[in-house]
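Chain residues, written in single-letter form:
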Amino acid sequence: MHRIETLAARAGSAPDPVSGALSPPLQLATTFEHTPDAQLPHGYLYQRYDNPTQHETEVALAALDGAARALLFPTGMAAGATALQALPRGSHVPRWGLEYSLADFTDADAVRAALRPDTALLWAETPSNPLLKVSDIAALAQIAHAAGARLLVDGTFAPPVLQQPLALGADIVLHSATKYLGGHGDVMGGVLAFREDGTHAAACHGLRLLGGATASPFAAWMILRGIRTLPARMAWHCRNARAVAEFLAGHARVAKVHFPGLASHPQHAVATRQMRDYGGMLSFEVAGGREAALAVAARLRLFTNATSLGSTESLVEHRTSVEGPASTTPPGLLRLSVGLEHADDLLADLAQALDAG
Ligand SMILES: *Cc1c(COP(=O)(O)O)cnc(C)c1O
């Protein structure tokens, strides 16, 4: 088995048998020739069912996550909705999330207490948005399996090169490919990667096929292109984010830094055990709360005020402004997606924004 850098650079593609092209062809056809009695000599019937470009991308995605099968969707949310729709009718789902905080997934006892006899799925997001909480994937997998449930891990903040949830016992990994997998802020996509090619994977495939949540071949092609450089980009994202986190942790106007790579992070030990590096996302709380945080966000020049993450450019977002009145996020919190600029330029930008005013 090749290492993940090699898989990212190569999996899913071979020189095109017709032209010898190394870059995979973008196959836009909606329909494929079949025999009069609907046998599929090339394996494809109709673009919504399956298509060659999507297939190549899914082979690469499965290889990256060590999955038996991976399915691509038009968005991360479509992937998540499909994973939920594919559960048996009436299933119960403990989920840590901003909308309904059913259990703190950094607390194993709280997760156990949230279980019910009809619990079918545990949904963990690690590291989480926007506080970068880290949950123990192996421990959650044990809890889920002892209860006859599955564990889904939303690994969007830590793509396959940083974290391998399936190897730690998770059953499904969800990625918003819109973020690091695409990597350039110009394509949307979602992924479900399954440890077993069993009934849940088949149900998700069936729902995608009939519900129509198929990514366009162009999106699949762009995501495969992003995957090729994923390990190289992540190494730089992680390096920059660490430099930014350390700078902020030592700054007098910063009340708190949320970054799993800092020894002060409450789940630093778990993160160190289950992640290869700590990622490119972090958040911090500006001393002085909401008004001070908004002033810092307004003074930043290199960090652009925008949502989303995982692209080449650094982004800042005042989360409570985006989340609205129901937000439980600290009002002084700014989330950073640390991009691929030079770290010194990013630190200089943060310094001028924090030191002014
Ligand atoms: C962005 C995001 C999603 C949703 O993905 P889309 O591609 O925007 O639909 C899900 N989970 C996390 C952690 C995300 O950051």
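Residues numbered from 1 in each chain as written. Predicted model: local features only at pLDDT ≥ 70, side-chain atom pairs only at ≥ 80, totals over all residues. Heavy atoms only, no water.

Draft legend 1. View of the nonpolar core. Within the largest apolar cluster, 67 residues are counted, with the highest numbers of intra-cluster contacts made by Val244, Leu248, Leu282, Phe284 and Leu336. No other element matches helix α8 (residues 230–249), which puts 7 residues into this core. Here this core spans two domains, since at least three of its residues come from each of domain 1 (4–227) and domain 2 (230–355). Once residues lying within four places of it in the same chain are set aside, the contact partners of valine 244 are Leu282, Leu336, Val338, Leu346, Leu347 and Leu350. Formed by 19 residues, the second largest nonpolar core is a distinct cluster that contains Phe73, Ala78, Leu87 and Ala201. (Core = buried A, V, L, I, M, F, W, Y, C linked by side-chain atoms within 4.5 Å. Buried < 20%, exposed > 50% of the residue type's maximum accessible area, 1.4 Å probe, protein only. Helix = DSSP H or I, 4+ residues; strand = E, 2+ residues; numbered from the N terminus. Domains from an automatic or database assignment. Contact = heavy atoms within 4.5 Å.)

Draft legend 2. View of the site of the ligand. In the vicinity of the ligand there are 13 residues, among which Met77, Asp154, Ser176, Thr178 and Lys179 approach most closely. At a separation of 2.8 Å, an oxygen atom of the ligand approaches a polar backbone atom of methionine 77. Lysine 179 is positioned with one of its side-chain polar atoms (N or O) 2.8 Å from an oxygen atom of the ligand. Within the complex, 81% of the 380 Å² of free accessible area of the ligand lies under protein. Considered class by class, the residues forming the shell around the ligand number 4 nonpolar, 6 polar and 3 charged. (Near = heavy atom within 4 Å. Polar contact = N/O pair within 3.5 Å; in protein donor to acceptor, adjacent residues only side chain to side chain. Areas by Shrake-Rupley, 256 points an atom, 1.4 Å probe, with all protein chains shown as cover. Nonpolar A, V, L, I, M, F, W, Y, C, P; charged D, E, K, R; others polar.)

Draft legend 3. Quick look at a nonpolar patch on the surface. A contiguous nonpolar surface patch, about 280 Å² in accessible area, is contributed by Leu26, Leu28 and Phe218. Turning to its location among the elements, phenylalanine 218 is positioned in helix α7 (residues 217–228). Using a relative accessible area of 44% as the deciding quantity, one classes phenylalanine 218 as partly exposed. (Patch = residues over 30% accessible without salt bridge, like charges linked within 9 Å, V, L, I, M, F, W, Y side chains within 5 Å. Salt bridge = Lys/Arg side-chain N within 4 Å of Asp/Glu carboxyl O.)

Draft legend 4. Local environment of unusual backbone geometry. Note the cis peptide between threonine 126 and proline 127, where omega equals -10°. Locating proline 127 in the fold gives a position in the loop between β2 (121–125) and α5 (137–146). Cis geometry marks the peptide bond from asparagine 129 to proline 130, where omega comes out at -5°. With respect to the secondary-structure elements, proline 130 resides in the loop between β2 and α5.

Draft legend 5. Looking closely at the packing of helix α3 (residues 76–85) against helix α6 (residues 199–211). Two elements in contact, α3 and α6, have axes separated by 9 Å at closest approach and are oriented at 120°. When the interaxial angle is binned, α3 and α6 end up oblique. For the pair α3 and α6, the crossing hand works out as right-handed. The residues of α6 that touch α3, namely those facing Thr82, Ala83 and Gln85, are His200, Cys204 and Leu207. (Axes fitted to C-alpha atoms, helices over the stretch in contact; angles between N-to-C directions. Parallel < 35°, antiparallel > 145°, perpendicular 65-115°, else oblique. Left-handed = near helix turned anticlockwise from the far one by under 90°.)

Draft legend 6. Broad picture of the domain arrangement of the chain. Domains assigned within the chain are domain 1 (4–227) and domain 2 (230–355). In this structure, domain 1 and domain 2 have C-alpha centres spaced 27 Å apart. With 35 residues of domain 1 in contact, the opposing surface of domain 2 contributes 34 residues. With both sides pooled, the region where domain 1 packs onto domain 2 buries about 2800 Å², and carbon together with sulfur makes up 62% of that total. Across the contact surface, domain 1 and domain 2 share 2 salt bridges. There are 14 residue pairs in polar contact (both at pLDDT 80 or more) connecting domain 1 and domain 2. Element by element, the count of residues in the side of domain 1 that touches domain 2 is highest for helix α1 (residues 4–10), at 3 residues. In terms of residue class, the side of domain 1 that touches domain 2 is made up of 20 nonpolar, 11 polar and 4 charged. (Buried area = accessible area lost by both parts, 1.4 Å probe.)

Draft legend 7. Here's a closer look at the pattern of salt bridges. Counted according to the given criterion, the structure contains 12 salt bridges. Residues aspartate 136 and arginine 273 are paired through a salt bridge, measuring 2.8 Å at the closest nitrogen-oxygen approach. With a gap of 137 residues between them, aspartate 136 in the loop between β2 and α5 and arginine 273 in helix α9 (residues 268–274) connect regions that are remote in the sequence. The exposure class assigned to aspartate 136 is partly exposed, which follows from its relative accessible area of 23%. Taken together, the shared-partner salt bridges in this structure form one network comprising Glu317, Arg319, Glu323 and Arg335.

Draft legend 8. Local environment of the sheet that holds strand β4 (residues 172–176). Across the sheet, 5 strands lie side by side as β1-β5-β4-β3-β2; this open sheet has mixed pairing. At either end of the open sheet lies a strand with only one pairing partner, and these are β1 (69–73) and β2. Along the sheet, successive strands turn relative to each other by an average axial angle of 20°, direction set aside. Bridge analysis of β4 against strand β5 (residues 190–194) gives 5 bridges, and the strand direction is antiparallel. Across the sheet, isoleucine 172 pairs through a bridge with phenylalanine 194, a residue of β5. Contacts between α6 and the sheet are confined to β1, β3 (150–154), β4 and β5, with β1 contributing the most and set at about 25° to the helix. (Pairing = 2+ DSSP bridges.)

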